[in-house]
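Residues per chain, in single letters:
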Amino acid sequence: MAKIFFENRFLLTKKLHKQYSKETFKKMRKSTSFLSLGLAFLTLIAAILAFIFFAARKILILFLLAFIYFILMSLFGYIFSDWLNFRNMKRNYGEKKGGEVVYQIKFEPTEVRVKVGSTGYTFKYTTIEKIYETEDLLIFILNAKGMIEHGQIIYKKGFTDKSPETLDNFRKFINDKMNK
């Protein structure tokens, strides 16, 4: 059995998943937000043209509703995505159907072993491209096929070693392992 340098265990809560979704949505889905914003302004222009040239109120209302939808999706799309993803995580990986999602992450010499519910996977340290930080999480953005949508979350208070310097030691360890 490989040596374990750090171990992290936690229950995925709505609060943690929301932090993950908000941070990754802001950073990773900018193109989707810009596309929604572009579509919003196109529907606004179409609404104005429909009203000017056809004086059609029903078409105007339809285009205005589409405009509002695209504006909301560009600004708050991560909330809907967060809700869907969290629900799917609970359904697919919960201890009991619809139950809590339990994460167990072991940091070994050459790879990271993750167990989510009864499913497990591994990834190499060199696949970590970036690390984002929120109030409660470290988020590893991975460049590896088959990984969870954006990356791996690490709960800052979830380390089995509860000493005050654990988080700082972990940051140094990860930076050394990433070779960046």
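We now turn to the structure provided with this report. (Residues numbered from 1 in each chain as written. Predicted model: local features only at pLDDT ≥ 70, side-chain atom pairs only at ≥ 80, totals over all residues. Heavy atoms only, no water.)

1. A closer look at the overall build of the chain
Quick reminder of the rule: Only DSSP runs of H or I with at least four residues qualify as helices, and only runs of E with at least two residues qualify as strands; both kinds are numbered from the N terminus onward. With the radius of gyration taken over C-alpha atoms, the globule rule is written as 2.2 Å times the number of residues to the power 0.38. Exposure classes here rest on a 1.4 Å probe applied to the protein chains alone. A residue is buried below 20% of its type maximum, exposed above 50%, and partly exposed in between. Throughout, a contact is declared for two residues whenever any of their heavy atoms are within 4.5 Å. Each accessible area is a Shrake-Rupley estimate made with a 1.4 Å probe; only the visible protein chains count as cover when residues are assessed.
Secondary structure summary: the chain contains 4 helices and 7 strands in total. Of the regular secondary structure in the chain, the N- to C-terminal order runs β-α-α-α-β-β-β-β-β-β-α. Scaling as 2.2 N^0.38, a compact globule of 180 residues should have a C-alpha radius of gyration of about 16 Å, whereas the chain reaches 21 Å, well beyond that. By the burial criterion, 41% of the 180 residues in the chain qualify as buried. Considering only residue pairs separated by 6 or more positions, the chain has 58% of its internal contacts joining residues 24 or more positions apart. When the accessible area of the chain is evaluated, it comes to approximately 11,100 Å², of which 61% is carbon and sulfur surface.

2. Let's talk about the sheet that holds strand S7 (residues 151–155)
Hydrogen bonds between backbone groups are what pair the strands of a sheet, and the pairing can be parallel or antiparallel. Test applied: In this scheme, strands are said to pair when DSSP sees at least two bridges between them. Each axis is a line fitted through C-alpha atoms, taken for helices only over the stretch in contact, and angles between the N-to-C directions span 0 to 180 degrees.
Here we have 3 strands laid out as an open sheet, ordered S5-S6-S7, and antiparallel in their pairing. Two strands lie at the open edges of the sheet, namely strand S5 (128–133) and S7, each paired on one side alone. Each strand of the sheet is rotated relative to its neighbour by a mean of 20°, with strand direction disregarded. By the bridge criterion, 5 bridges tie S5 to strand S6 (residues 137–142) in an arrangement that is antiparallel. Across the sheet, residue Glu133 finds its bridge partner in S6, namely Leu138.

3. Focus on the side chain of Thr166
Relative to the helices and strands, Thr166 is located in helix H4 (residues 166–178). For Thr166, a relative accessible area of 3% translates into the label buried. Each residue touching Thr166, except ones within four places of it in the same chain, is listed here: Phe6, Phe159 and Asp161.

4. Overview of the packing of aromatic side chains
Under the convention used in this document: The criterion for an aromatic pair is that two Phe, Tyr or Trp rings (for Trp, the six-membered ring) have centres within 6.5 Å, with stacked assigned to planes under 30 degrees apart, edge-to-face to planes over 60 apart and tilted to the rest.
Considering all chains together, one arrives at 12 aromatic pairs under this definition. Note on Phe107 and Phe170: the rings are 4.8 Å apart at their centroids and 70° apart in plane angle, and the pair reads as edge-to-face. Pair noted here: Phe107 is in strand S2 (residues 101–107) and Phe170 is in helix H4, with a separation of 63 residues, a long-range link. Given a relative accessible area of 0%, Phe107 falls into the buried group. The class of Phe170 is buried, set by a relative accessible area of 1%. On the basis of an interplanar angle of 55° and a centroid distance of 4.8 Å, the ring pair of Phe159 and Phe170 is categorised as tilted.

5. Focus: the packing of helix H2 (residues 30–54) against helix H3 (residues 57–93)
To keep things clear, this is the line we draw: What sets the label is the angle itself: under 35 degrees gives roughly parallel, over 145 gives roughly antiparallel, 65 to 115 gives roughly perpendicular, and the rest give oblique. Handedness of a crossing is defined here by the sense of rotation of the near helix relative to the far one, left-handed for an anticlockwise turn of less than a right angle and right-handed for a clockwise turn. Asp, Glu, Lys and Arg are counted as charged, while Ala, Val, Leu, Ile, Met, Phe, Trp, Tyr, Cys and Pro are counted as nonpolar; the rest, among them Gly, fall into the polar class.
One way to put it is that H2 packs onto H3 with a least axis distance of 8 Å and a crossing angle of 165°. Judged by the angle between their axes, H2 and H3 are roughly antiparallel. Crossing hand, H2 versus H3: left-handed. Residue-level contacts link Ser33, Ser36, Leu37, Leu39, Ala40, Phe41, Thr43, Leu44, Ala46, Ala47, Ala50 and Phe51 of H2 to Arg57, Ile59, Leu60, Phe63, Leu64, Ala66, Phe67, Phe70, Ile71, Met73 and Ser74 of H3. Residues that form the contact of H2 with H3 fall into these classes: 18 nonpolar, 4 polar and 1 charged.

6. A word on the sheet that holds strand S4 (residues 119–124)
Read across the sheet, 4 strands follow the order S1-S2-S3-S4 without closing on themselves; strand pairing throughout is antiparallel. The sheet is open, and its two edges are formed by strand S1 (6–12) and S4, each paired on a single side. Strand-to-strand twist in this sheet, taken as the mean axis angle between neighbours without regard to direction, amounts to 15°. With 7 bridges joining them, S1 and S2 adopt antiparallel strand pairing. Of the residues in S2, the one forming a bridge with Arg9 is Gln104. Seen against the sheet, H3 touches S1, S2, strand S3 (111–116) and S4 and runs at an angle of roughly 80° to S2.

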